[in-house]
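# Commentary on secondary and tertiary structure
In case you want the letters, here they are:
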Amino acid sequence: MQTQNMLCLNFAYADCNAVLKALQPVFQEQGMTETVHNWEDHGYLATYIQKNGSFANLRIYPHGLVLVDLQSYNDQTKGREETDRLLDKVEERMKELFHGNIKRVKRLPAILRGGAIDRYWPTADGRLVEYDIDEVVYDEDSPFQNIKILHSKQFGNILILSGDVNLAESDLAYTQAIMGSGKENYAGKEVLILGGGDGGILYEIVKLKPKMVTMVEIDQMVIDGCKKYMRKTCGDVLDNLKGECYQVLIEDCIPVLKRYAKEGRMFDYVINDLTAVPISTSPEEDSTWEFLRLILDLSMKVLKQDGKYFTQGNCINLTDALTLYEEQLSRLYCPVEFSKEIVCVPSYMELWVFYTIWKK
């Protein structure tokens, strides 16, 4: 497992040569071989290599930024302690010589690469998040996607589909938001769930005494994994594909929606848990936008005149994509209105937008 540690120092200004000479003894004491590159007006890059393959890059910029990047291949506690001691010495040395000139010292947490457990997953707006993952619970490839369930100390088991964090056992807030945040009366109602293979929405709606819930999920392997490893989310509702007030269809939802529209079948609620609003803002180039528009149109055809359509949007920071989604709503075969709600979903580590859509 490779470990990368970063130390950043900001100066009001930097005498590059003085900084280099101050830090050279720290690395030389470790028996590291030095190579120095000097660019006129662009500072220094010094590389220090140990016999075991560990190395450090020291980058000194004239405008006052000094970066120490230390990388090693060691998964032992002793190796990590040695790295911490070396960075401590660098920091102490800099403070001794330049304490009056240092504006900021920032040591970043170590990044671990190549371990048995992948802890790093991106947010929707492209930030890298390190999760406290300690176990790979489930990892399989279905005909449609890669399915992972990883255990987090904070969030419980997390369902990750093709690299996208979908839902954790901690994320009841997501399920409640996509059901209308407790403002709806599902008793005696007809409900259609598109996707939702983790079973969370189905489990919560069944508690509310609906007339019938139909869930359409294309991937049987998602259901199989979640009914075994996400039971805090789905309870026992996925143990059987039919219950007293629900049925689960293992099918592509588009043919099902077309069939229901042709038959004239109507629902009080349609809940779309298939996919988030695409990050791309080029609908003509991204087939996901075409898919979303098709789902919206077909869903409106099976939604009662006084019914409601619930769906997730995306991260609140993706304003362009969310605005484009709202523009698509004005292009449906029937006029609609919408409202939106912003919810903190624990395992997403970002605020998430949810939509309620209804016919005018």
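Overview of the structure. (Residues numbered from 1 in each chain as written. Predicted model: local features only at pLDDT ≥ 70, side-chain atom pairs only at ≥ 80, totals over all residues. Heavy atoms only, no water.)

### Side note on the sheet that holds strand β10 (residues 146-152)
Strands sit in the order β9-β10-β11-β12 across an open sheet of 4 strands; the sheet is antiparallel. A single partner strand is all that each edge strand has here, and the edge strands are β9 (133-141) and β12 (164-168). Averaged over all adjacent pairs, the angle separating strand axes in this sheet is 25°, with direction ignored. As judged from the 6 bridges shared by β10 and strand β11 (residues 156-161), these two strands associate in the antiparallel manner. Paired with Ile147 across the strands is Leu161, a residue of β11. Running over the sheet, helix α5 (residues 220-229) touches β9, β10 and β11 and is turned about 150° from β9. (Pairing = 2+ DSSP bridges. Helix = DSSP H or I, 4+ residues; strand = E, 2+ residues; numbered from the N terminus. Axes fitted to C-alpha atoms, helices over the stretch in contact; angles between N-to-C directions. Contact = heavy atoms within 4.5 Å.)

### Some thoughts on the packing of helix α7 (residues 253-263) against helix α8 (residues 287-302)
Running from N to C, α7 and α8 cross one another at 30°; their axes reach a closest spacing of 9 Å. The angle between α7 and α8 falls in the class roughly parallel. As α7 runs across α8, the sense of the crossing is left-handed. Of α8, the residues touching α7 (which contributes Cys253, Ile254, Leu257, Lys258, Tyr260 and Ala261) are Phe291, Leu294, Ile295, Leu298, Ser299, Lys301 and Val302. Looking at side-chain class alone, the contact of α7 with α8 contains 10 nonpolar, 1 polar and 2 charged residues. (Parallel < 35°, antiparallel > 145°, perpendicular 65-115°, else oblique. Left-handed = near helix turned anticlockwise from the far one by under 90°. Nonpolar A, V, L, I, M, F, W, Y, C, P; charged D, E, K, R; others polar.)

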